[in-house]
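The primary structure of each chain is shown beneath.
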Amino acid sequence: NAGVTQTPKFQVLKTGQSMTLQCAQDMNHNSMYWYRQDPGMGLRLIYYSASEGTTDKGEVPNGYNVSRLNKREFSLRLESAAPSQTSVYFCASSDTADRWWNEQYFGPGTRLTVT
Amino acid sequence: TQLLEQSPQFLSIQEGENLTVYCNSSSVFSSLQWYRQEPGEGPVLLVTVVTGGEVKKLKRLTFQFGDARKDSSLHITAAQPGDTGLYLCAGVLTTGGGNKLTFGTGTQLKVEL
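Below you will find a few notes about this structure.

Definitions and cut-offs
Residues numbered from 1 in each chain as written. Chains lettered and ligands numbered in written order. Predicted model: local features only at pLDDT ≥ 70, side-chain atom pairs only at ≥ 80, totals over all residues. Heavy atoms only, no water. Contact = heavy atoms within 4.5 Å. Buried area = accessible area lost by both parts, 1.4 Å probe. Salt bridge = Lys/Arg side-chain N within 4 Å of Asp/Glu carboxyl O. Polar contact = N/O pair within 3.5 Å; in protein donor to acceptor, adjacent residues only side chain to side chain. Nonpolar A, V, L, I, M, F, W, Y, C, P; charged D, E, K, R; others polar. Helix = DSSP H or I, 4+ residues; strand = E, 2+ residues; numbered from the N terminus. Disulfide = S-S within 2.5 Å. Buried < 20%, exposed > 50% of the residue type's maximum accessible area, 1.4 Å probe, protein only. Core = buried A, V, L, I, M, F, W, Y, C linked by side-chain atoms within 4.5 Å.

**Description of the interface of chain B and chain A**
Here's step 1: The interface is formed by 21 residues belonging to chain B together with 16 residues belonging to chain A.
Here's step 2: When the two sides are added together, the surface that chain B and chain A hide from each other amounts to roughly 1,500 Å², 55% of it contributed by carbon and sulfur.
Here's step 3: By the criterion of area lost to chain A, the three top residues of chain B are B:Asn99, B:Leu101 and B:Phe103, representing 28% of everything that side buries.
Here's step 4: Counting across the interface, chain B meets chain A through zero salt bridges.
Here's step 5: Applying the counting rule to chain B against chain A returns three residue pairs in polar contact (both at pLDDT 80 or more).
Here's step 6: A breakdown of the residues in the side of chain B that touches chain A according to their chemical character gives eight nonpolar, eleven polar and two charged.

Written as structure tokens, this is what we have:
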């Protein structure tokens, strides 16, 4: 099993460009999450999908959109990238968001730079 | 303002030394997790503590949840270079809107030979 996979691993964008970060999991998990990680800030939740067909905002949703394409895939879109979105983005999954104390499995991350 | 503050932010020690990392908040958490993250990878769960005062051991790592469930600590005995990484605590906060997982600010540990 690959676990949680993310593409791309690295990306450089110019201000105003758009892009989609892809995430897939093969653990048959119901819930999926997108986080951003910035130095000294830990991980902050952008959006999550408790189950296929639902999405909800997290702590820092502005400037992002998400799509839960099916049970396996959850994408994050930046419509008009800004330098403040320079960060490392992590996708994660868990068997259910109803029990937040359940383990979340993380992908390897996408390092995004916006110039 | 971060809900969960970790200290220290950075720690560089020699192999064989002991260390303690703290995770503090003014909020009460229903449970607390500790993750370790290595460079270029995502965080990996080490342990979950649920009961106030609970102590869990994982080889040389000892995790404690505060009695009031507002804080936690991670103690490493005889640190080794393989312990190097970013340590993150994460608390489950129960509010009227449901449950929410909040990550701490992180402690970067470097263990040198």
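**Describing the environment of A:Phe10**
Here's step 1: In this fold, A:Phe10 is placed in strand β2 (residues 10–13).
Here's step 2: The sequence separation of A:Phe10 and A:Arg111 amounts to 101 residues, and the corresponding C-alpha distance is 4.8 Å.

**Here's the deal with the state of the cysteines**
Residues and elements named next belong to chain B.
Here's step 1: Tallied over the entire structure, the rule returns two disulfides over all chains.
Here's step 2: A disulfide bridge connects cysteine 23 with cysteine 89, and the sulfur atoms are separated by 2.0 Å. The chirality of the disulfide connecting cysteine 23 with cysteine 89 is right-handed, given an S-S dihedral of about 80°. Highlighted residues: cysteine 23 in strand β3 (residues 19–24) and cysteine 89 in strand β9 (residues 85–95), separated in sequence by 66 residues.
Here's step 3: The class for cysteine 23 is buried, based on a relative accessible area of 0%.
Here's step 4: Its relative accessible area of 0% is what places cysteine 89 among the buried residues.

**Topic: the nonpolar core**
Generally speaking, a soluble globular protein has its nonpolar side chains buried in company with each other.
Here's step 1: Core analysis: the largest hydrophobic core is formed by 22 residues, its most contacted members being B:Leu19, B:Leu32, B:Trp34, B:Phe63, B:Leu74, B:Ile76 and B:Leu109.
Here's step 2: Among the secondary structure elements, those contributing two or more residues to this core are β3, β4 (31–37), β5 (44–49), β7 (61–65), β8 (71–76), β9 and β11 (107–112) of chain B.
Here's step 3: Excluding residues that lie within four positions of it along the chain, B:Phe63 makes contacts with B:Trp34, B:Leu46, B:Val47, B:Glu54, B:Val55, B:Lys56, B:Leu58, B:Ser73 and B:Leu74.
Here's step 4: Residues A:Trp34, A:Val66, A:Leu76 and A:Val114 belong to the second largest nonpolar core, which totals 20 residues.

By themselves, these figures tell us nothing about what the structure is for.
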